[in-house]
Amino acid sequence: MLGLLEKLTDPEFMVAAFVAIAAFATTLTIALPMLEGDRLGARLKSVTNRREELRQKQREAFAKKNKGRPLRSTPVGFMKETVDRFNLQKLMESDDLRSKLVQAGFRGQAPLFTFLFFRLVMPFILFFAALIYLFFINSHGMESMGRILASCGAAFAGYYLPNVFVENIIQRRQDSINRAFPDALDLLLICVEAGMSIEAAFNRVSQEIGQSSVELAEELGLTTAELSYLQDRRQAYENLGKRCGTAGVKAVCTSLIQAERYGTPLAQALRVLAQENRDLRMSAAEKKAAALPAKLTVPMIVFFLPVLFVVILGPAVINYWKI
């Protein structure tokens, strides 16, 4: 035992042991990073793969809803050639036009080329159709110059006809979104208060709200996909507000952006916005109900009063003719 203690306390042994421990620690320090590999790169790669999986799932879900039709269609060949030949994209394209097409649910380059093509050809189509009708079918008593002017008016209306068509589609989509959006907010609030992430909440609401509004379900599903692969999550919320174009959706997107930026409570903001949207929907219903008597005045005069006069004056007229 004494010999072992003397051996351990020997200066030469202690120096050799210290050198061995230092060499082992140095070798371990250099070798560990090589053995562990790039953990950060592996984590980033796993996140990227997960985003791609979510993106593919959303694409498959949309393809199933649209019966195999892609979200972004490719332009038709002759339409694209015509637009490129006359350089219509440079002359007529604008950010406002793209925004309207997106709000109407038309995505990609194909709707843009189609819109520009029909804006070019519709004036000529309506002009020649009006000429054929007025000169060969029914002139309505108009002189030749009057027929030509009427055809020019039809051509002028044909230029704005594609825009009217897009505006009508936008209005129908916004009406559908406004009807279902308060219910979607309630569902979103329930999901958030239950502890779900905002991506999972959007995904769940898009699945549940599809029976009430296919348009809103599609927009929420697109937002879920954008939240999965966009670097800036605020851009996904801004895109949702631009695609829907309604005041209620824009207010919710603004609240989500503020919650993302400042860390404010999201559930409380959603609760207030859900109540406001329900009040707006109720006020809109009350407004329609209040306008109903005025709208029924003309049908009552045209359809009810003649029948009432016949019922009241019919017996008197019959008795008068009998006398």
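Refer to the structure above for everything that follows.
Not measured: the values here are computed from a predicted model. (Residues numbered from 1 in each chain as written. Predicted model: local features only at pLDDT ≥ 70, side-chain atom pairs only at ≥ 80, totals over all residues. Heavy atoms only, no water.)

Participant: Can you walk me through the nonpolar core in this structure?
Facilitator: Among soluble globular proteins, nonpolar side chains are generally buried collectively. The biggest cluster of nonpolar side chains holds 32 residues, and the ones touching the most others in it are Leu185, Leu188, Ile198, Phe202, Leu216, Tyr237 and Leu270. Of all the elements in the fold, those that place two or more residues in this core are α8 (144–193), α9 (198–208), α10 (214–229), α11 (233–244), α12 (247–262) and α13 (266–322). At nine residues, α8 tops the list of elements feeding residues into this core. Every residue in contact with phenylalanine 202, bar those within four places of it in the chain, is listed here: Leu188, Leu220, Thr224, Leu227, Tyr237, Leu240 and Leu256. Core analysis: the next-biggest nonpolar cluster, separate from the first, contains 16 residues, Leu101, Ala104, Val166 and Ile170 among them. (Core = buried A, V, L, I, M, F, W, Y, C linked by side-chain atoms within 4.5 Å. Buried < 20%, exposed > 50% of the residue type's maximum accessible area, 1.4 Å probe, protein only. Helix = DSSP H or I, 4+ residues; strand = E, 2+ residues; numbered from the N terminus. Contact = heavy atoms within 4.5 Å.)

Participant: Help me understand the pattern of salt bridges in this model?
Facilitator: Side chains that differ in charge, positive against negative, can pair when their charged atoms come close. Inspection of the entire model under this criterion finds 13 salt bridges. Note that arginine 204 is salt-bridged to glutamate 208, the shortest N-O span being 3.2 Å. Highlighted residues: arginine 204 and glutamate 208, both in helix α9, separated by four residues, approximately one helical turn. The partly exposed category is assigned to arginine 204, whose relative accessible area is 41%. Residue class for glutamate 208 comes out partly exposed when judged on its relative accessible area of 41%. Because the salt bridges share partners, they merge into one network encompassing Arg107, Arg173, Glu218, Glu219, Glu226 and Arg243. (Salt bridge = Lys/Arg side-chain N within 4 Å of Asp/Glu carboxyl O.)

Participant: Help me understand the side chain of serine 255 in this model?
Facilitator: Inspection of the secondary structure assignment puts serine 255 in helix α12. The contact partners of serine 255, leaving out residues within four places of it in the chain, are Ala269 and Leu273.

Participant: Quick question: what am I supposed to make of the packing of aromatic side chains here?
Facilitator: The relative placement of two aromatic rings is captured by the distance of their centres and the angle of their planes. A full pass over the atoms with the stated rule returns six aromatic pairs. Seen from their ring centres, phenylalanine 117 and phenylalanine 118 are 5.6 Å apart, and the 85° between their planes marks the pair as edge-to-face. The class for phenylalanine 118 is partly exposed, based on a relative accessible area of 32%. For the ring pair tyrosine 320 and tryptophan 321, a centre distance of 5.9 Å and an interplane angle of 75° mean the geometry is edge-to-face. You'll find tyrosine 320 and tryptophan 321 in the same group, each marked exposed. Of the aromatic side chains, those joined through ring pairs into one cluster are Phe156, Tyr159 and Tyr160. (Phe/Tyr/Trp six-rings, centres within 6.5 Å; stacked < 30°, edge-to-face > 60°.)

Participant: Please clarify how helix α7 (residues 109–137) should be interpreted in this entry.
Facilitator: Helical periodicity: at 3.6 residues per turn, an α-helix aligns residues three or four positions apart in one direction. End to end, α7 covers 40 Å across 29 residues, agreeing with the expected 42 Å (1.5 Å per residue, within 8%). A maximum bend of about 35° is found in α7 at valine 121, where proline proline 123 lies one to four positions downstream. (Expected span 1.5 Å × (residues − 1). Bend = angle between axes of the 7 residues up to and from the residue.)

Participant: Sorry if this is basic, but what is going on with the packing of α11 against α12 here?
Facilitator: The relative placement of two packed helices comes down to the angle between their axes together with the axis-to-axis distance. Running from N to C, α11 and α12 point in directions that differ by 175°, and their axes come no closer than 9 Å. Put simply, α11 runs roughly antiparallel to α12. For the pair formed by α11 and α12, the contact residues are Arg233, Arg234, Tyr237, Glu238, Leu240, Gly241 and Cys244 on the first element and Val249, Lys250, Cys253, Leu256, Ile257, Glu260 and Arg261 on the second. (Axes fitted to C-alpha atoms, helices over the stretch in contact; angles between N-to-C directions. Parallel < 35°, antiparallel > 145°, perpendicular 65-115°, else oblique.)

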